[in-house]
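Summary of the model geometry
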Amino acid sequence: MAEVVLKKVSKLFDKNIVAVDSVNVTVKDKEFIVLVGPSGCGKSTTLRMIAGLEEISAGEIYIDGRLVNDVPPKDRDIAMVFQNYALYPHMTIYDNMAFGLKLRKYPKDKIRQRVEETAEILSITGLLKRKPKVLSGGQRQRVAVGRAIVRRPKVFLFDEPLSNLDAKLRVQMRAEISKLHQQLKSTMIYVTHDQVEAMTMGDRIVVMKDGKVHQLDTPLNLYHHPVNKFVAGFIGSPAMNFLTCRVAKNGKFKLMDGKIEIPVPEKYQEKISVYVGKQVFLGIRPEDIYLPEKAFGVTEKLSLRNEVEVVEPMGNEVYIYLKTGAHNIIARLTADSLPKSGSQIDLIFDLSKMHLFDSDTENRIV
């Protein structure tokens, strides 16, 4: 397998539309890395440049130590799984999976061995004589993955492969792809707009926006230590709550938001001393908000009365949409907490887990 290195890779369309802006990423050998971000952030364009399907405007791409800027896709030793599966409708599943090997003049017995081994791994042995039109979406996706596996490439590329599947199948298939990565011990680069997919599958995650890489880190570091407000709001479901506040000095530092005074935890006191009189963003995740009787062990806390606007039961938990002063907030509570819309409830905010961001740069205050 192989390491993939992107050095200051950029892509311009029509000379003035920047789709990818000076991206630097190193994908380690045998690593599963996920490119994630909102639509139009440049993640699929980046993947297509690695595959050679999109010409780069600037920078260098290396696969297994070889500069591949001018190497055609067929010679890069990569295999790509597309969103729409891209299966040949007139061919059987066996022939779809064998097609790439036939083009490379592999012996028939070698082709059969590889196709059957791959079909066994993906549990599609019984489908080899069928054609794609009679398969379900999940079965077609397995075939598309299988067609990539039989090639035994140095790098696997996945371009939103699960976006056409229903919710239950998506959960099942992402577990299967993760399991497949462990079995094959291969280098995989996976593109998705779904941050839950990214968090559950990636060894590391590349968070992109407007063609730029905002943070490249492990899932847990992205969650606990986002570098800026965008990453903090993008990673996590439901999204992080943000309060616009002003820092005041009144005996000790406080964040002022209208009539609401929020004490700043000791660990932040020194860090925000330069922000006295200035505006900052305070971030608090929905899962760090509790009912008073559930706030066990929370020592640095703020108690606020909130108006309940919407209640969303999710089975084992409930999302509560609240109005706090001028702000809308989401709390993620246990399923036994079902207040009525329009009611007033007291909630505890765990301030030891809050995040602070500069209002001008939107970077984390650390």
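Report on the accompanying structure. (Residues numbered from 1 in each chain as written. Predicted model: local features only at pLDDT ≥ 70, side-chain atom pairs only at ≥ 80, totals over all residues. Heavy atoms only, no water.)

**Notes on the pattern of salt bridges**
Per the stated rule, a full pass over the model turns up 16 salt bridges. One salt bridge in this structure joins aspartate 95 and lysine 102, with 3.2 Å as the shortest N-O distance. Using a relative accessible area of 27% as the deciding quantity, one classes aspartate 95 as partly exposed. Members of the salt-bridge network, linked through shared partners, are Lys11, Arg48 and Glu54. (Salt bridge = Lys/Arg side-chain N within 4 Å of Asp/Glu carboxyl O. Buried < 20%, exposed > 50% of the residue type's maximum accessible area, 1.4 Å probe, protein only.)

**Considering the sheet that holds strand 8 (residues 187-192)**
Ordered by their spatial adjacency, six strands build an open sheet running 6-7-8-3-9-10, and the pairing between neighbours is mixed. Two strands lie at the open edges of the sheet, namely strand 6 (78-81) and strand 10 (212-217), each paired on one side alone. Averaged over neighbouring strand pairs, the angle between their axes works out to 15° when direction is ignored. Note that strand 7 (residues 155-159) and strand 8 share five bridges and pair parallel. When the sheet's bridge partners are listed, aspartate 159 is paired in strand 8 with valine 191. Its contacts with the sheet put helix 4 (residues 137-149) on strand 6 and strand 7, and the angle it makes with strand 6 is roughly 175°. (Pairing = 2+ DSSP bridges. Helix = DSSP H or I, 4+ residues; strand = E, 2+ residues; numbered from the N terminus. Axes fitted to C-alpha atoms, helices over the stretch in contact; angles between N-to-C directions. Contact = heavy atoms within 4.5 Å.)

**Remarks on unusual backbone geometry**
Here the amide bond leading from serine 237 into proline 238 is cis, since omega sits at -5°, within 30 degrees of zero. With respect to the element layout, proline 238 can be found in the loop between helix 8 (229-234) and strand 11 (241-250). Of note, the phi angle at serine 123 is positive, near 60°, even though the residue is not glycine. Tracing the backbone through its elements, the reader meets serine 123 in the loop between helix 3 (108-122) and helix 4.

**Quick word on the pairing of strand 17 (residues 317-324)**
Counting buried positions along strand 17 yields six of eight residues, so the element is predominantly enclosed. Sheet topology places strand 16 (residues 301-313) next to strand 17; six bridges connect them, and they run antiparallel. Each bridged residue has a counterpart across the sheet, and for glutamate 307 the counterpart in strand 17 is lysine 323. Here strand 16 folds back onto strand 17 in antiparallel fashion, the turn holding three residues, of which glycine 315 has a positive phi close to 100°. Pairing of strand 17 with strand 18 (residues 327-334), which is carried by eight bridges, proceeds in the antiparallel orientation.

**A closer look at the packing of helix 4 against helix 5 (residues 167-184)**
Viewed as axis vectors pointing N to C, helix 4 and helix 5 meet at an angle of 20°, and their least axial separation amounts to 11 Å. By the angle between their axes, helix 4 is roughly parallel relative to helix 5. In this structure, helix 4 meets helix 5 at a crossing whose hand is right-handed. Side by side, helix 4 and helix 5 meet where Gly138, Gln141, Arg142, Val145 and Ile149 of the first sit next to Leu169, Gln172, Met173, Glu176, Leu180 and Leu184 of the second. A per-class count over the contact of helix 4 with helix 5 returns six nonpolar, three polar and two charged. (Parallel < 35°, antiparallel > 145°, perpendicular 65-115°, else oblique. Left-handed = near helix turned anticlockwise from the far one by under 90°. Nonpolar A, V, L, I, M, F, W, Y, C, P; charged D, E, K, R; others polar.)

**Digging into empty space enclosed by the protein**
Applying the stated rule across the entire model yields two cavities of 30 Å³ or more. Roughly 60 Å³ of internal volume is contained in the largest cavity. Taken together, Leu6, Val23, Val25, Val27, Ile33, Leu35, Thr46, Ile50, Ile189, Val206, Met208 and Val213 form the lining of the largest cavity. Only strand 2 (17-27), strand 3 (32-36), helix 1 (43-51) and strand 9 (204-209) provide two or more residues apiece to the lining of the largest cavity. By residue number, the principal contributor to the lining of the largest cavity is strand 2, which donates three residues. Considered class by class, the residues forming the lining of the largest cavity number 11 nonpolar, one polar and no charged. The computed volume of the second largest cavity comes to approximately 40 Å³. What lines the second largest cavity is simply Leu122, Gln141, Arg142, Val145, Met173, Glu176, Ile177 and Leu180. Among the secondary structure elements, those contributing two or more residues to the lining of the second largest cavity are helix 4 and helix 5. For the lining of the second largest cavity, the element with the most residues is helix 5, which contributes four residues. A per-class count over the lining of the second largest cavity returns five nonpolar, one polar and two charged. (1 Å grid on protein atoms, 1.4 Å probe; cavity = no way out; pocket = protein on both sides within 12 Å on 5 of 7 lines; lining within 4 Å. Points joined across faces, edges and corners; volume = space filled by probe spheres on them.)

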